[in-house]
Amino acid sequence: EAGVVQSPRYKIIEKKQPVAFWCNPISGHNTLYWYLQNLGQGPELLIRYENEEAVDDSQLPKDRFSAERLKGVDSTLKIQPAELGDSAVYLCASSLGTGAGELFFGEGSRLTVL
Amino acid sequence: AQSVAQPEDQVNVAEGNPLTVKCTYSVSGNPYLFWYVQYPNRGLQFLLKYITGDNLVKGSYGFEAEFNKSQTSFHLKKPSALVSDSALYFCAVRDQAGTALIFGKGTTLSVSS
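Remember, it's a predicted structure, so these values are computed and weren't measured experimentally.

Peer 1: Please clarify how the layout of surface pockets should be interpreted in this entry.
Peer 2: The method is simple in principle: a probe with the dimensions of a water molecule rolls over the atoms, and the space it marks as empty is what remains. Estimated volume of the largest pocket: approximately 390 Å³. Taken together, 21 residues make up the lining of the largest pocket; nearest its centre are Gln37(A), Leu39(A), Arg110(A), Gln38(B) and Asn41(B). If you list the elements that add at least two residues to the lining of the largest pocket, you get strand E9 (88-95) of chain A together with strand E10 (87-95) of chain B. The element best represented in the lining of the largest pocket is E9(A), accounting for three residues. Among the residues making up the lining of the largest pocket, the classes are represented as nine nonpolar, eight polar and four charged. The computed volume of the second largest pocket comes to approximately 260 Å³. Lining the second largest pocket are 16 residues, with Glu44(A), Leu45(A), Ser58(A), Gln59(A) and Ile102(B) sitting closest to its centre.

In structure tokens, the structure reads:
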């Protein structure tokens, strides 16, 4: 069974440019997460979807970040415009519901903003 | 609010010796507790979890963790460390209301040969 797929793996952009990350979760997983991981730190939740509904986006900087999960499967995370401080790894994860189920993570998308 | 503390930034151990990576948590009610491992430039891989029942949980690659409710701890252990265990380890907690999984800042495990 395929795992969580993310693309691109690496992205380098100039500040003020837009960038988008894509995630395809494990088939059948209705819960999808986007986490931000800064160097040497633990992942921090940006947004959590239950099917196509964003149920927790309290940590998403809505002035420049947006996300969508059309049809409750794939998801896209966008940053516009990017700032130097956005350089980090953006991790996507999925799970069968919440509660006791573990999250399965993709390889991450590493963003470098110059 | 729930939180996780990993008090050690780095743990060094010789190959063949036992290892412990510490984790304490704070959550309302009963917790769900998880350990993940991350290798360089890779995503997080699930190792084990505690839901309920036996306080000693066994997981992948010979790792185990002990849940201690009175000390609000969930330390990761392995009887005999391997050089290949060298990686970044994260403890995580979620409350039973199903809120987001909260991660600690991570502990780097270094196993020397």
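Peer 1: Would you mind showing me how to read the environment of Pro43(A) here?
Peer 2: Relative to the assigned elements, Pro43(A) resides in the loop between strand E4 (31-37) and strand E5 (44-50). What makes Pro43(A) buried here is its relative accessible area of 4%. Separated by 48 residues in the primary sequence, Pro43(A) and Leu91(A) place their C-alpha atoms 7.9 Å from one another. Leave out the neighbours within four places in its chain, and Pro43(A) touches Tyr35(A), Leu36(A), Gln37(A), Leu91(A), Leu44(B), Phe90(B) and Phe103(B).

Peer 1: Which parts of the structure should I look at to understand the pattern of salt bridges?
Peer 2: Pairing between side chains of opposite charge can happen when their charged atoms approach one another. Residues and elements named next belong to chain A. This structure, assessed with the given rule, holds ten salt bridges over all chains. Across the pair Glu83 and Arg64 runs a salt bridge whose closest N-O atoms are separated by 3.3 Å. A residue pair is termed long-range when its members are at least 10 positions apart, and Glu83 in the loop between strand E8 (75-79) and E9 and Arg64 in the loop between strand E6 (53-56) and strand E7 (65-68) qualify at 19 residues. One salt-bridge network, in which partners are shared between bridges, spans Arg64, Glu83 and Asp86.

Cut-offs and rules
- Residues numbered from 1 in each chain as written.
- Chains lettered and ligands numbered in written order.
- Predicted model: local features only at pLDDT ≥ 70, side-chain atom pairs only at ≥ 80, totals over all residues.
- Heavy atoms only, no water.
- 1 Å grid on protein atoms, 1.4 Å probe; cavity = no way out; pocket = protein on both sides within 12 Å on 5 of 7 lines; lining within 4 Å.
- Points joined across faces, edges and corners; volume = space filled by probe spheres on them.
- Helix = DSSP H or I, 4+ residues; strand = E, 2+ residues; numbered from the N terminus.
- Nonpolar A, V, L, I, M, F, W, Y, C, P; charged D, E, K, R; others polar.
- Buried < 20%, exposed > 50% of the residue type's maximum accessible area, 1.4 Å probe, protein only.
- Contact = heavy atoms within 4.5 Å.
- Salt bridge = Lys/Arg side-chain N within 4 Å of Asp/Glu carboxyl O.

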